[in-house]
Amino acid sequence: MNTGELWTSGRLRFVAAALVVINGFFPAVWILLTSLKRDVELVQKPITWWPHNPTLHNYVQAFTDQPLLRYLANSFIVASLATVFSLLVAACAAYAIARLNLKHRQLILTAIVASSMFPLVTLLVPIFETMRTLNLLNTYTALVLPYVVLNLPICTLVLVSFFQSIPKDLENAAMIDGCTRLGTLWHVVIPLAAPGVMTAGILAFVNAWDEFLLALSLNSSASMRTLPVGITLYQGEFTFPWPIISAALIVAIVPIAVLIAVFQERVVGGLTQGGIKG
């Protein structure tokens, strides 16, 4: 390949990467800019891309018009509990699939993939009836249990691929030293598969943080609403305050952005490098 072809190929890759970045960040940037605008700027023609007189008043109203802090706390508690329990169950399931001599292992993996393909709306009525029978409506448990079940397929599949990449010799050495199978999982496998655990955890947390349908149906109490449901309450019968809603959306985006930024290095890090380096 000559210099011209390399230059052309490099420019194409740059353009493709730029399009991906723009596609991912433009909605968030547009919401941020809208949250800094006043209502009159939204109806001006031509459209103003940048706010002429940026204001933080929309953020103040977002916290005063609705109990946004309560919604944030509810979402954080539900998402955190769902993530922890999803990882605990998924780690055991993934280790069994990756290491134990299970019959019909491929069939089990196929069933896990198939279980994640059901639209959530088809599961809404059975889940609602189950939670009502157990008298769990308007509780954190009403959301945590379904979220754990919904997160298990993706978390299990992610962890299976990571567990299979870990050399078995490390586990055998731990068991020779007296470690049990379960102890080997928690003290050897999971630390070595930290990037996979972080990836599965982030996926589980984001899924629980963003979920709307179950949160709307199972927790109708004002004190138990999560952030996605709470944001919809800013809309009035005849009004749609976009700047205030945009401010609330930015508040909802920030925790996820911080989470990904903090754990980015662990997610993209090597698998066995941490175990070799101790």
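Let us look at the structure shown here. Not measured: the values here are computed from a predicted model. (Residues numbered from 1 in each chain as written. Predicted model: local features only at pLDDT ≥ 70, side-chain atom pairs only at ≥ 80, totals over all residues. Heavy atoms only, no water.)

A closer look at the packing of helix 4 (residues 68-99) against helix 10 (residues 194-210)
Turning to step 1, where the next piece is worked out: For the pair helix 4 and helix 10, interaxial distance at closest approach is 8 Å and the crossing angle is 140 degrees. By the angle between their directions, the pair helix 4 and helix 10 is classed as oblique. Seen along the crossing, helix 4 lies across helix 10 with a hand that is right-handed. Contact with helix 4, carried on its side by L72, S75, F76, A79, S80, A82, T83, S86 and L87, involves V197, A200, G201, A204, F205, A208 and W209 of helix 10 and no other residues of that element. (Axes fitted to C-alpha atoms, helices over the stretch in contact; angles between N-to-C directions. Helix = DSSP H or I, 4+ residues; strand = E, 2+ residues; numbered from the N terminus. Parallel < 35°, antiparallel > 145°, perpendicular 65-115°, else oblique. Left-handed = near helix turned anticlockwise from the far one by under 90°. Contact = heavy atoms within 4.5 Å.)

As for the nonpolar core
Turning to step 1, where the next piece is worked out: Ranked by internal contacts, the top residues of the largest apolar core, which has 40 residues, are L68, Y147, W209 and L227.
Turning to step 2, where the next piece is worked out: The set of elements that each furnish at least two residues to this core consists of helix 3 (57-65), helix 4, helix 6 (120-133), helix 7 (140-164), helix 10, helix 11 (213-218), helix 12 (227-231) and helix 13 (242-268).
Turning to step 3, where the next piece is worked out: Ignoring sequence-local partners within four residues, the contact set of L68 consists of A62, F63, L227, Y234, A248 and V251.
Turning to step 4, where the next piece is worked out: Core analysis: the next-biggest nonpolar cluster, separate from the first, contains 26 residues, A90, A91, L109 and L185 among them. (Core = buried A, V, L, I, M, F, W, Y, C linked by side-chain atoms within 4.5 Å. Buried < 20%, exposed > 50% of the residue type's maximum accessible area, 1.4 Å probe, protein only.)

Examining the environment of A82
Turning to step 1, where the next piece is worked out: Positionally, A82 belongs in helix 4.
Turning to step 2, where the next piece is worked out: Note: C-alpha distance between A82 and I260 (178 residues apart in sequence) is 17 Å.
Turning to step 3, where the next piece is worked out: For A82, the contacting residues outside a window of four places in its chain are V144, Y147, V148 and A208.

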